Number of protein chains: 2
Amino acid sequence: MSRSHTDVSDQVGDLSEAFEKEACPLAEVLDHVAGKWSIAVLVAAARGPVRFTELERTIEGISRRMLTVTLRRLERDGLLVRTVYPTVPPKVEYTLTDMARRLHGTLLALTEWAQRHRGDIAAARARYDAANAR
Amino acid sequence: MSRSHTDVSDQVGDLSEAFEKEACPLAEVLDHVAGKWSIAVLVAAARGPVRFTELERTIEGISRRMLTVTLRRLERDGLLVRTVYPTVPPKVEYTLTDMARRLHGTLLALTEWAQRHRGDIAAARARYDAANAR
DNA sequence: CTGGATCCGAGACGATACTG
DNA sequence: CAGTATCGTCTCGGATCCAG
């Protein structure tokens, strides 16, 4: 967002190079951040500190295990901060880091796009499958 | 991008609801579109019609098989158009659909973010692992 | 309440060999 | 050139049970 988006081809060139780097860390990072559950968790956690069970109910479809795994990975990558309150019963809150907050707008755009084109995608898929069947 | 992003909380509410829908198609769509290789292919194909081998060289790290699978999935979802020229040797070109082009800016922002924070993420990861080791 | 531990099936992924 | 087919490996992800 720091650069003007008037000419896109330059950036595409840069990105191609970035993807070319051996060990492809760019693709790896994207895989973590843009994963199915990661996006859901990141978006849900953007409203402020969220608790484990709160996330579990909000995301609906995620299993306990995958929520745990996703949270650990995001914490490891420095996108979430995990705060434990040593009370009874225990209470744990997850908060986005600044780095993650800088990503929030993009994630929002991504989910918005997905919502808007959900129907088109389903239609395209049906068309493709029909053409493949005969 | 169409709406102003001054007040984010409203959209977060919408998205939470979207994620709650049973069968969670939103997460599924995102999983296809935002997958590790999908992003790479989509970004690479944004420069215009691209050929199979061109993609294979550009992305570097992707296997023949995964490139094929990714291309098929993106075509099935209506994000890519596959054009076959019945020449010898055969020539196949992949082009983004309008729907995919509308996603391009977001994908660019995503990869830009990943590039910018690649170091931070590696550092956070090292810190986390060090804390976990002892 | 917030997880960890384990098992297990399904799909992701890579390597290799073959084809129109 | 642009794939397909097959195989073996690895990870994802759900189910279940256990624990601080």
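Just above sits the structure.
Residues numbered from 1 in each chain as written. Chains lettered and ligands numbered in written order. Predicted model: local features only at pLDDT ≥ 70, side-chain atom pairs only at ≥ 80, totals over all residues. Heavy atoms only, no water.

Chemist: Help me understand the sheet that holds strand β2 (residues 80-85) of chain B, please; the structure alone is not making it clear to me.
Modeler: Strands pair in a sheet through their backbones, by hydrogen bonds, and they do so in one of two ways: parallel or antiparallel. Residues and elements named next belong to chain B. Spatial ordering of the open sheet is given by β1-β3-β2, a layout of three strands whose pairing is antiparallel. Taken across any chain shown, the strands that pair with only one partner, and hence form the sheet edges, are β1 (50-51) and β2. Bridging between β2 and strand β3 (residues 91-96) involves six bridges; their strand directions are antiparallel. Looking at the pairing, Arg-82 lines up with Tyr-94 of β3. On the sheet, helix α3 (residues 36-45) packs against β1, β2 and β3 and is oriented at approximately 65° with respect to β2. (Pairing = 2+ DSSP bridges. Helix = DSSP H or I, 4+ residues; strand = E, 2+ residues; numbered from the N terminus. Contact = heavy atoms within 4.5 Å. Axes fitted to C-alpha atoms, helices over the stretch in contact; angles between N-to-C directions.)

Chemist: Help me understand the environment of Pro-89 of chain A, please; the structure alone is not making it clear to me.
Modeler: Examined against the element boundaries, Pro-89 of chain A turns out to sit in the loop between β2 (80-85) and β3 (91-96). On a C-alpha basis, the gap between Pro-89 of chain A and Arg-116 of chain A in space is 41 Å, while along the polypeptide they are 27 residues apart.

Chemist: What is the right way to read unusual backbone geometry from this model?
Modeler: When glycine is set aside, most residues are seen to have a negative phi, and most peptide bonds are trans. Cis geometry is adopted by the peptide bond preceding Pro-89 of chain A, which originates at Val-88 of chain A and carries an omega value of 0°. Positive phi outside glycine occurs at Glu-60 of chain B, with the angle close to 50°. Its place among the elements puts Glu-60 of chain B in the loop between α4 (52-59) and α5 (64-76). Overall, Glu-60 of chain B belongs to the partly exposed group, its relative accessible area being 43%. (Buried < 20%, exposed > 50% of the residue type's maximum accessible area, 1.4 Å probe, protein only.)

Chemist: Can you help me understand the protein's contact with DNA strand D in this one?
Modeler: Close contacts around DNA strand D come from 20 residues, with Arg-65 of chain A together with Thr-53, Thr-68, Arg-82 and Tyr-94 of chain B the closest. For DNA strand D, the fraction of protein-proximal atoms (within 4 Å) that sit in sugar or phosphate groups is 64%. One nitrogen or oxygen atom from the side chain of Thr-53 of chain B is found 2.6 Å from a phosphate oxygen belonging to DNA strand D. Within the backbone of Val-92 of chain B, one N or O atom sits 3.3 Å away from a phosphate oxygen of DNA strand D. (Near = heavy atom within 4 Å. Polar contact = N/O pair within 3.5 Å; in protein donor to acceptor, adjacent residues only side chain to side chain.)

Chemist: Mind showing me how you'd approach the sheet that holds strand β1 (residues 50-51) of chain A here?
Modeler: Read across the open sheet, the three strands follow the order β1-β3-β2 (chain A); overall the sheet is antiparallel. Both edges of this open sheet fall to β1 and β2 of chain A, since each of them pairs with a single strand only.

Chemist: So what exactly am I meant to see when it comes to the packing of helix α3 (residues 36-45) of chain A against helix α5 (residues 64-76) of chain A here?
Modeler: Each pair of packed helices can be summarised by the angle the axes make with each other and by the distance between the axes. Residue and element names in this part refer to chain A. Interaxial distance between α3 and α5 falls to 10 Å at its minimum, and their mutual angle equals 75°. The angle between α3 and α5 places the two elements in the roughly perpendicular class. Residue-level contacts link Trp-37, Ser-38, Val-41 and Leu-42 of α3 to Met-66, Leu-67, Thr-70, Leu-71 and Leu-74 of α5. Its residues assigned to classes, the contact of α3 with α5 comprises seven nonpolar, two polar and no charged. (Parallel < 35°, antiparallel > 145°, perpendicular 65-115°, else oblique. Nonpolar A, V, L, I, M, F, W, Y, C, P; charged D, E, K, R; others polar.)

Chemist: Would you explain the protein's contact with DNA strand C in this entry?
Modeler: Around DNA strand C, the structure places 19 residues, and the nearest of them are Thr-53, Thr-68, Arg-82 and Tyr-94 of chain A together with Arg-65 of chain B. Backbone sugar and phosphate groups make up 71% of those atoms of DNA strand C lying within 4 Å of the protein. Take Arg-51 of chain A: an N or O atom from its side chain is 3.1 Å from a phosphate oxygen of DNA strand C. The contact in question runs from a phosphate oxygen of DNA strand C to an N or O atom on the side chain of Ser-63 of chain B, over 3.1 Å.

Chemist: I'm lost on the pairing of β3 of chain B in this one. Help?
Modeler: Regular strands place their side chains on alternate faces of the sheet. Residue and element names in this part refer to chain B. The sheet contact formed by β1 and β3 spans two bridges and is antiparallel. Considered in β3, the bridge of Val-50 is made with Tyr-94. Here β2 hands over to β3 after five residues, the two strands then running antiparallel side by side.

Chemist: Got a minute to help me understand the packing of α3 of chain A against helix α4 (residues 52-59) of chain A in this structure?
Modeler: Residue and element names in this part refer to chain A. Interhelical geometry of α3 versus α4 gives an angle of 120° and a closest axis separation of 10 Å. When the axes of α3 and α4 are compared, the crossing they make is right-handed. Here Trp-37, Ala-40, Val-41 and Ala-44 of α3 lie close against α4, whose contacting residues are Leu-55, Thr-58 and Ile-59. (Left-handed = near helix turned anticlockwise from the far one by under 90°.)

The quantities given are spatial measurements derived from coordinates; they are silent on function.
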